[in-house]
Amino acid sequence: MTTVDAVRASACPHLAMGVPDATLSVLLVDACAAPLALIDRCGHFLRVNSAFLRLTGRTVGDVVGADVAELLPVEGVGQVIDLAQRTAAGRPVEPPESLWVDELGHRRRVAWTFTGAPSGRTPVYVIATGVDVTRERLAEASWRERAQTDHLTGLANRTALESALAAHLEPERGTGCGILFCDLDGFKAVNDTYGHSTGDQVLVEIAQRLAANVRTARGDVVARLGGDEFVVVLPGCGDLELRAVVPRIERAVARPLRLDVGLVRVGVSIGSRVADPGDDAAAVLAEADERMYRAKSARKERRAAAAAVRPDGPAAGPADGPADGPAAGLPEG
């Protein structure tokens with residue numbers, strides 16, 4: 001005697017009740033936690049389970065007889081049947097997704113699969129099954145954000161910068177952009193004197209100042225390339241507007257930094273470049289970098305000349321700001 005036969009032969013009161021299979025099937029479907037819907041070949045809902053009603057916030061009267069395109073992310077019954085046939089044939093299918101917001105404002109993203117019933121080339125009915133993929137999509141978004149974010153400053157990283165430049169310089173659809181290549185002056189002195197922890201404090205504070213001095217509403221991007229190098233991308237920015245941004249950023253960076261070791265001051269050297277659609281992103285970034293180094297060299301020459309005419313003055317003047325200010329990278333007294 002098999003296990004099944006043994007069960008049937010036992011005095012199980014539920015088996016003895018002889019509940020019709022159809023009734024059991026309805027109970028099974030209705031108890032399923034996944035949203036389920038039975039759709040006819042005309043594209044109308046014939047039956048849905050309780051999970052479907054909870055998801056959509058509708059009643060049975062609202063749903064039964066309604067067109068499939070009203071509640072599911074499909075254009076019509078033709079797409080539903082096509083998806084079911086492709087699934088039956090073992091062909092790759094990208095389940096369409098829909099976003100639902102409940103009465104409390106909670107958002108759920110649901111992916112839908114479609115299975116023909118009976119299975120075959122021409123199904124009489126199609127069963128739609130919803131799978132909650134909210135956690136997966138949130139995890140993917142978090143992963144993408146981490147992959148494009150500098151872990152120390154929270155700014156965009158090199159990957160995000162390259163993506164932004166590619167979009168703005170796309171030959172057919174881009175609008176061009178202004179680029180500011182920024183390198184801190186005096187940062188090495190801070191790092192060497194007070195250690196990397198203080199240096200990290202400087203980078204975080206400077207990152208916040210850069211982000212506060214761009215056009216957030218117009219999609220400006222501030223990225224950290226690494227070390228003390230930052231790049232600002234200003235979409236649709238022309239030469240005059242770009243030049244006006246430079247002194248604003250210089251002043252923002254030059255303000256004293258209140259750190260654990262006291263007040264510290266650094267400066268910034270900036271190379272600017274206006275890039276047009278079709279320009280090579282790597283080339284324009286390299287040119288802005290070269291212009292930054294020329295600006296840094298010119299600044300050093302001016303400081304050296306100032307020190308030469310003031311032999312009793314400090315060995316190096318401020319990286320930015322008033323001529324009588326403290327030297328870059330040194331704490332203020």
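In the block above lies the structure referred to throughout.
Residues numbered from 1 in each chain as written. Predicted model: local features only at pLDDT ≥ 70, side-chain atom pairs only at ≥ 80, totals over all residues. Heavy atoms only, no water.

Caption draft 1: Representation of the packing of helix α10 (residues 196-212) against helix α11 (residues 239-254). One way to put it is that α10 packs onto α11 with a least axis distance of 9 Å and a crossing angle of 150 degrees. Looking at the two axes, α10 sits roughly antiparallel to α11. For the crossing formed where α10 meets α11, the hand is right-handed. Contact residues: α10 offers Ile206, Arg209 and Leu210, while α11 offers Ile249, Ala252 and Val253. Tallied by class, residues from the contact of α10 with α11 come to five nonpolar, no polar and one charged. (Axes fitted to C-alpha atoms, helices over the stretch in contact; angles between N-to-C directions. Helix = DSSP H or I, 4+ residues; strand = E, 2+ residues; numbered from the N terminus. Parallel < 35°, antiparallel > 145°, perpendicular 65-115°, else oblique. Left-handed = near helix turned anticlockwise from the far one by under 90°. Contact = heavy atoms within 4.5 Å. Nonpolar A, V, L, I, M, F, W, Y, C, P; charged D, E, K, R; others polar.)

Caption draft 2: View of the sheet that holds strand β2 (residues 45-48). The strand order β2-β1-β5-β4-β3 describes an open sheet built from five strands, whose pairing is antiparallel. Here the strands that pair on one side only, and so sit at the sheet edges, are β2 and β3 (97-101). On average, adjacent strands in this sheet sit at an angle of 30 degrees to one another, irrespective of strand direction. With eight bridges connecting them, strand β4 (residues 107-117) and strand β5 (residues 125-132) associate as antiparallel partners. Bridge pairing links threonine 115 to isoleucine 127 in β5. Sheet strands in contact with helix α6 (residues 77-88) are β1 (36-40), β4 and β5, and its direction is about 70 degrees off that of β4. Of the strands in this sheet, β3, β4 and β5 are in contact with helix α7 (residues 134-147), which crosses β4 at around 125 degrees. (Pairing = 2+ DSSP bridges.)

Caption draft 3: Highlighting the sheet that holds strand β11 (residues 267-275). Across the sheet, which stays open at both edges, the four strands sit in the order β7-β8-β6-β11 with antiparallel pairing between neighbours. Edge positions in the open sheet fall to β7 (221-226) and β11, since each of these has one partner strand only. On average, adjacent strands in this sheet sit at an angle of 20 degrees to one another, irrespective of strand direction. As defined by bridge partners, strand β6 (residues 177-185) adjoins β11 across nine bridges and the pair is classed as antiparallel. Pairing of isoleucine 179 across the sheet is with arginine 273, part of β11. Across the sheet, α11 touches β6, β8 (229-235) and β11, and the angle it forms with β11 is around 165 degrees.

Caption draft 4: The arrangement of the packing of aromatic side chains in detail. The tally for this structure, following the rule as stated, stands at two aromatic pairs. Arranged with centres 5.6 Å apart and planes meeting at 55 degrees, the rings of phenylalanine 45 and phenylalanine 52 form a pair that is tilted. Taken individually, phenylalanine 45 and phenylalanine 52 each receive the classification buried, so the pair is uniform in this respect. Through a chain of ring-to-ring contacts, three or more aromatic side chains come together here, namely Phe45, Phe52 and Trp112. (Phe/Tyr/Trp six-rings, centres within 6.5 Å; stacked < 30°, edge-to-face > 60°. Buried < 20%, exposed > 50% of the residue type's maximum accessible area, 1.4 Å probe, protein only.)

Caption draft 5: A nonpolar patch on the surface, seen in detail. Where nonpolar side chains cluster on the molecular surface, the patch consists of Leu46, Val124 and Tyr125 and spans about 240 Å² of accessible area. The residue leucine 46 is located in strand β2 in this model. Leucine 46 sits in the partly exposed class, given a relative accessible area of 37%. (Patch = residues over 30% accessible without salt bridge, like charges linked within 9 Å, V, L, I, M, F, W, Y side chains within 5 Å. Areas by Shrake-Rupley, 256 points an atom, 1.4 Å probe, with all protein chains shown as cover. Salt bridge = Lys/Arg side-chain N within 4 Å of Asp/Glu carboxyl O.)

Caption draft 6: Structural view of the packing of helix α9 (residues 187-194) against α10. Following both chains from N to C, one finds α9 and α10 inclined at 145 degrees, their axes separated by 7 Å at the closest point. Two secondary-structure elements touch here, α9 through Phe187, Val190, Asn191 and Tyr194 and α10 through His196, Thr198, Gly199, Val202 and Leu203. Among the residues making up the contact of α9 with α10, the classes are represented as five nonpolar, four polar and no charged.

Caption draft 7: Summary view of the environment of glycine 267. Inspection of the secondary structure assignment puts glycine 267 in strand β11. Judged by relative accessible area, glycine 267 falls into the buried class, the value being 0%. On a C-alpha basis, the gap between glycine 267 and aspartate 183 in space is 8.5 Å, while along the polypeptide they are 84 residues apart.

Caption draft 8: Layout of the nonpolar core. Within the largest apolar cluster, 28 residues are counted, with the highest numbers of intra-cluster contacts made by Leu180, Leu184, Val202, Ile206 and Phe230. Mapped onto this core, the elements with two or more residues apiece are β6, α9, α10, β8, α11, β9 (257-259) and β11. Grouped together as the second largest cluster of nonpolar side chains are 22 residues, Ile39, Val68, Val80 and Leu83 included. (Core = buried A, V, L, I, M, F, W, Y, C linked by side-chain atoms within 4.5 Å.)

Caption draft 9: Focus on the environment of valine 133. By secondary structure assignment, the location of valine 133 is in the loop between β5 and α7. Separated by 22 residues in sequence, valine 133 and alanine 111 place their C-alpha atoms 6.5 Å apart. The residues touching valine 133, leaving out its near neighbours within four places in the chain, are Glu97, Arg109, Val110 and Ala111.

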